[in-house]
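Inside the fold
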Amino acid sequence: MNTQLLPSPRTDTGTGTGTGTTVPPVHGPAPVRDTGRFAGRHRRRLLRADALTVAAWSSLAASVALWLADGGLTAASSPAGLLTALGIVAGLAGMDLVLLMLLLAARIPFIDGAVGHDRALEFHRKLGKPSLYLLLAHGLLIAVGYGMAEGLDPVSEAVALWVLVPDMWLAFVSLALFIAVVVTSLVAVRRRFPYEFWYAVHLLTYAAVLTSLPHQFSVGGLFAEGTWQRWYWLAICIATGAALLYYRVIQPVRATFRHQLTVERVTSVAPGVVNIEMSGLQLGSLAGNGGRFFIWRFLAPGLWWHPHPFSLSAEPVRTGPDGHGRLRITVRDLGRGSAQLLRLRRGTKVAVEGPYGLFSSAARSKDRVVMIGAGIGITPLRALLETTPFAPGQATVLLRGHSNQELYLGEEILELCRQRGATLFHLTGGRDPGSPDSWLPAAEHRAGYSLADYVPEIGSADVYVCGPSRWAGNVLNAARAAGVHEDQLHHERFDW
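In what follows, the accompanying structure is described. All figures in this text were calculated on a predicted structure; none of them were measured in a lab.

1. Some thoughts on the nonpolar core
If you look at soluble globular proteins, the nonpolar side chains tend to sit buried side by side. One finds Leu99, Phe178, Val209 and Trp233 to be the most contacted residues of the largest nonpolar core, which totals 41 residues. Secondary-structure elements contributing two or more residues to this core are helix H1 (39-69), helix H2 (79-104), helix H3 (109-115), helix H5 (128-150), helix H7 (168-185), helix H10 (204-218) and helix H11 (228-259). Ranked by residue count, the leading element in this core is H2, at 11 residues. Ignoring any residue separated from it by four or fewer positions in sequence, one finds Val209 in contact with Met95, Val98, Leu99, Leu102 and Phe178.

This is how it looks when you write it as structure tokens:
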């Protein structure tokens, strides 16, 4: 059964409980003009994103331009030389894309703050196939070009390169590793294996890069000493390695030792859903991040090596003068990994990385804000509602679930809406099986309700969406249809 805030969202506004009664906000909603206070920060973020795009294309152009500047085309006067030259260009471009992939996955704050963690990983995945195709073309064209020059077929030439040329066997190993990584990253393949298997194979990317480097510097004088090429490639390889080491290893270790997080208690929220409360030190640096997520590792047998991306479901609370405090995440049993967390013991140590992502006030561009969540995706909205700035009447929260029991932390959200003057809608009930593109309960969908009926001013608001992927996609499409610009849509995907 659907529980609506009011009889008709077309004609009334207010804050409602999960029982269908109407509770007015502490401050009645009133029209508030958009002051543009978020516009400057939004423009700066877009400029950073543009700068990253320019830097990426520039690195690709530089990798080829420096080779040309060092006389790379001088040997392309014959068919064999031309094929060899094309193979070198393909290899340079492919290797540059691989390094870009590593930087996108390094969790660098500048990249994360410009495009978000999920979009950075989306670009990372999109570069996988082009980089592999370029590296395959590199190997094939080199074998054909060298073979034509020496009167050998490509297979014989490849065998000769493996046996006779120093470090070349490592290049073949590197190519095989790249193929394994890309193939296991395909969605159809990933679904056949547990996350742990895919994650372990994906770590082979680092081995693939390391084994690809020696032949570049030792074979054929491609990066001969004294050339700009040599210094360029040394610089970007060292910079990429340093970024990975610092942001993926050193910084998480420092954060873990600084905060000294420990599980205090695990309490039930609903069947299969628990709050995990942790205590620690200097938690002020984790506060004010809204719905941004952290990567948690619970240092218990069978759990310590498994990373869990969860957002805070409440801001950290200071409990002592020495900086001691508590924080909380809310977890639902969605598989073997998360199911184990429901049985965590008090005193379990916790390693933490983050925060990551743009599901926070950092992405705001408008004064008005709309938060739409379903299921366990409601819990990051609770933290965002607690911290994101807005005036009374400028925020609307829509919570979706099959029943009131699935509106996790609903009572806490209701109280926050009362305190801050936000409008709250509870939308419960099953979806219409004949309308897979609907995000509403069946009754509202059949009645013709749209997102604009609940939030008439949605076109001038930032819209935060968190919930199951397919449902969230339907909400985003509904928001676009209601006139919301793409820059005003914020949705963090955790399918990494």
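After that view of the structure, there is still more to cover.
2. Description of the environment of Ile142
Take Ile142: it is sitting in helix H5. Overall, the relative accessible area of 9% leaves Ile142 in the buried class. When neighbours within four sequence positions are excluded, Ile142 is seen to be in contact with Thr84, Gly87, Ile88, Gly147 and Leu161.

3. Thoughts on the side chain of Ser435
With respect to the element layout, Ser435 can be found in the loop between strand S11 (423-428) and helix H15 (442-446). Here the side chain of Ser435 touches His445 through a polar contact of 2.9 Å, side chain to side chain.

4. Observations concerning the pairing of strand S3 (residues 261-270)
Relative to strand S8 (residues 349-356), S3 runs antiparallel, the two sharing two bridges. When the bridges of S8 are listed, Leu261 appears paired with Val350. Here S3 runs beside strand S4 (residues 273-281); their pairing, made up of seven bridges, is antiparallel. What sits directly across from Ser268, in S4, is Val274. Between the antiparallel neighbours S3 and S4 lie two residues, among them Gly272 with a positive phi of about 80 degrees.

5. Quick notes on the packing of helix H13 (residues 378-387) against helix H14 (residues 410-420)
Where H13 meets H14, the axes come as close as 10 Å, and the angle between the chain directions of the two elements is 20 degrees. The pairing of H13 with H14 is recorded here as roughly parallel in orientation. Crossing geometry of H13 relative to H14 is assigned as left-handed. Packed against H13, whose contacting residues are Ile378, Arg382, Leu385, Glu386 and Thr387, the element H14 presents Glu412, Ile413, Leu416, Cys417 and Arg420 at the interface. Across the contact of H13 with H14, the residue classes tally to five nonpolar, one polar and four charged.

6. Structural notes on the sheet that holds strand S7 (residues 324-332)
If you trace the six strands once around the closed barrel, you get S3-S4-S7-S6-S5-S8, paired in antiparallel fashion. Neighbour-to-neighbour, the strand axes of the sheet open up by a mean angle of 45 degrees, direction not taken into account. Where H11 meets the sheet, its contacts fall on S3, S4 and S8, and the angle it forms with S8 comes to roughly 125 degrees.

Thresholds applied
Residues numbered from 1 in each chain as written. Predicted model: local features only at pLDDT ≥ 70, side-chain atom pairs only at ≥ 80, totals over all residues. Heavy atoms only, no water. Core = buried A, V, L, I, M, F, W, Y, C linked by side-chain atoms within 4.5 Å. Buried < 20%, exposed > 50% of the residue type's maximum accessible area, 1.4 Å probe, protein only. Helix = DSSP H or I, 4+ residues; strand = E, 2+ residues; numbered from the N terminus. Contact = heavy atoms within 4.5 Å. Polar contact = N/O pair within 3.5 Å; in protein donor to acceptor, adjacent residues only side chain to side chain. Pairing = 2+ DSSP bridges. Axes fitted to C-alpha atoms, helices over the stretch in contact; angles between N-to-C directions. Parallel < 35°, antiparallel > 145°, perpendicular 65-115°, else oblique. Left-handed = near helix turned anticlockwise from the far one by under 90°. Nonpolar A, V, L, I, M, F, W, Y, C, P; charged D, E, K, R; others polar.

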